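# Observations on the three-dimensional arrangement
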Amino acid sequence: MSRLLALICTALLALTACSGSAATGPKSLRMTVWTANEAHLKLLNEIAAEYRAAHPDVTEIKFDTIPADGYTTTLTTQIAGGNAPDLAWILEESAPDFVSSGALAPIRAKVEKADELVPSAIKLWEKDGELYAYPFSTSPFGLFVNTDLVKELPKTWEQAVAASAGKNLVLPDFKYQNWAVLSAIWRGWGAQAWSEDGRQCGFASPEMKDAMTFVHKAIFTDKAIPGPGTTVDFFAGNAAMAVSQISRAGALKEAKFGWTLLPLPQGPKGDYAVIGQAGVGVLKRSKNAEAAADFLGFFTNAANSAKLAQFFPPVRQSLLNAGTLAKSNPLLKPEQLQSVVIDGISKGVVKPSHQGQEELNQTIRAALDPLWKPDADIGQVLDGVCTKIKPLLERQ
């Protein structure tokens, strides 16, 4: 059992011990989130106010911001301490642990028109035919291009690196720590971190070795991807390209340079897409679980999903058209919304996630550290990753 899963299970036992029967009378709901963005919180509070107006028994709906760094650990600590929220945002990397632990209440019956959700986009949040969290944000990765620095738009990774040599191709969320972000590149080689059943390591595969050789060369030979310890901000106009999720487009509202958004470049295996997700679920042991599930149904209905789409790409097929998304994403052109968002959600694979992801993250990050040197033995490092994580994958 993973450390995170053990912590969740321990938290559930503690919560069971200190939880009584369902609350009666006025109800107060609390949802943990990791955003402190004022525009995000304003919209969340507007949706909550509309719900409360029709449900006078719910006297308060509070959005409790927990910093993204350490979010999951703080959440499980709150649960274990008897201070569980009623609803919680959940990172895609933590989904397998939360869904398998029994911590979340089933919600399919509360989700409006659940049959219109893109099947591939809810797979991570399902178990035995039931839905345990709603992926309110399904955000594909794309390639942002500074058109003041790049005149010929790339179609392949080779072209992207060549055009960025000396001009910077950045992965803002990577920082030589968050290795899963590299899946936005290596998927183009057909590589994966582990097999579909999660039991076989994929880092030592020929596809992964080819992909990581390409990344290493882009860093140390081509001087396209900034090296360790170097920070370059695309959104301030200091880089030619950035691999990031489309939700970052808002940072370009007042950009002083020309830019565009493209799908991820083709790799040797052709077109592909990678997405990041965030789900929202109801804690099963909440005294207000029924009211929380009802609010979740309202929060994720078609009308509110359309409002949330300006920040969080939806999984409702009725909203996945350029005309609808353009209303809430004025910075992006219809063809960008189609090629990056709509096509990305329909064909994309979610960033790597696995039971015990927290321990896997730490282990893989440490095992990859020797790779970020000019003279690294790439094959040896990747073989070493598999040696380190093999026991972790096999114990799931």
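What counts, and where the lines are drawn
Residues numbered from 1 in each chain as written. Predicted model: local features only at pLDDT ≥ 70, side-chain atom pairs only at ≥ 80, totals over all residues. Heavy atoms only, no water. Helix = DSSP H or I, 4+ residues; strand = E, 2+ residues; numbered from the N terminus. Rg over C-alpha atoms; globule rule 2.2 N^0.38 Å. Buried < 20%, exposed > 50% of the residue type's maximum accessible area, 1.4 Å probe, protein only. Contact = heavy atoms within 4.5 Å. Axes fitted to C-alpha atoms, helices over the stretch in contact; angles between N-to-C directions. Parallel < 35°, antiparallel > 145°, perpendicular 65-115°, else oblique. Left-handed = near helix turned anticlockwise from the far one by under 90°. Nonpolar A, V, L, I, M, F, W, Y, C, P; charged D, E, K, R; others polar. Polar contact = N/O pair within 3.5 Å; in protein donor to acceptor, adjacent residues only side chain to side chain. Salt bridge = Lys/Arg side-chain N within 4 Å of Asp/Glu carboxyl O. Pairing = 2+ DSSP bridges. Domains from an automatic or database assignment. Buried area = accessible area lost by both parts, 1.4 Å probe.

### A few points about the overall build of the chain
- Helices and strands together make up the secondary structure of the chain, namely 14 helices and 11 strands.
- On C-alpha atoms alone, the chain measures out to a radius of gyration of 21 Å, which is about the 21 Å that the 2.2 N^0.38 rule sets for 396 residues.
- With the C-alpha coordinates aligned to their principal axes, the bounding extent of the chain is approximately 65 × 50 × 35 Å.
- Taking all 396 residues of the chain together, the buried fraction comes to 54%.
- Taking all contacts inside the chain whose residues are at least 6 apart in sequence as the whole, residues at least 24 apart take part in 77%.

### Things to note about the packing of helix α13 (residues 357–368) against helix α14 (residues 378–394)
- Where α13 contacts α14, the two axes come as close as 9 Å, and the packing angle between them is 160°. Put simply, α13 runs roughly antiparallel to α14. Crossing of α13 against α14: the hand is right-handed. Contacts between α13 and α14 involve E359, L360, T363, I364, A367 and L368 from the former and V381, L382, V385, K388, I389, L392 and L393 from the latter.
- Partitioning the contact of α13 with α14 into residue classes produces 10 nonpolar, 1 polar and 2 charged.

### Brief notes about the side chain of N361
- Along the chain, N361 falls in helix α13.
- Classification of N361 as buried rests on a relative accessible area of 12%.
- A distance of 3.2 Å separates a polar atom in the side chain of N361 from a polar atom in the side chain of W179.
- Residues contacting N361, with those up to four places away along its chain left out, are E93 and W179.

### Side note on the packing of helix α2 (residues 38–54) against helix α9 (residues 289–299)
- Contact geometry of α2 with α9 gives a least axis separation of 10 Å together with a crossing angle of 120°. Of the two elements, α2 crosses α9, and the hand of that crossing is right-handed. Residue-level contacts link L44, I47, A48, E50 and Y51 of α2 to A291, D294, F295, F298 and F299 of α9.
- Tallied by class, residues from the contact of α2 with α9 come to 8 nonpolar, no polar and 2 charged.

### Thoughts on the pattern of salt bridges
- For the structure shown, the criterion picks out 14 salt bridges.
- Between D57 and K27 there is a salt bridge whose closest N-O contact spans 3.7 Å. In this pair, D57 sits in the loop between α2 and β2 (58–65) while K27 sits in strand β1 (residues 27–33), placing the two residues 30 residues apart along the sequence.
- A salt bridge links E92 to K351, with the nearest nitrogen and oxygen atoms 3.8 Å apart. With a gap of 259 residues between them, E92 in the loop between β3 (87–91) and α4 (95–101) and K351 in the loop between β11 (349–350) and α13 connect regions that are remote in the sequence.

### Re the pairing of strand β6 (residues 134–146)
- Within β6, 13 of the 13 residues are buried, which leaves the element mostly enclosed by the surrounding structure.
- In the sheet, β6 pairs with strand β10 (residues 274–282) via 5 bridges, with the strands oriented antiparallel. For Y134, the partnering residue across the bridge sits in β10 and is V280.
- For β6 and strand β9 (residues 259–263), the ladder comprises 5 bridges, and the chain directions are antiparallel. Residue pairing across strands places F144 opposite L261, the latter belonging to β9.

### Considering the domain arrangement of the chain
- Assigned domains within the chain: domain 1 (26–138 + 276–340) and domain 2 (140–273 + 350–395).
- Using only C-alpha atoms to locate each centre, domain 1 and domain 2 end up separated by 27 Å.
- Across the boundary between the two partners, domain 1 contributes 17 residues, which contact 24 residues of domain 2.
- When domain 1 packs against domain 2, close to 1,700 Å² is buried across both sides, 62% of that on carbon and sulfur atoms.
- Taken together, the links from domain 1 to domain 2 amount to 1 salt bridge.
- Remark: the boundary between domain 1 and domain 2 carries 4 residue pairs in polar contact (both at pLDDT 80 or more).
- Residue assignment for the side of domain 1 that touches domain 2 shows that the elements contributing at least two residues are α4, β10 and α12 (334–347).
- Residue classes in the side of domain 1 that touches domain 2 are distributed as 7 nonpolar, 7 polar and 3 charged.

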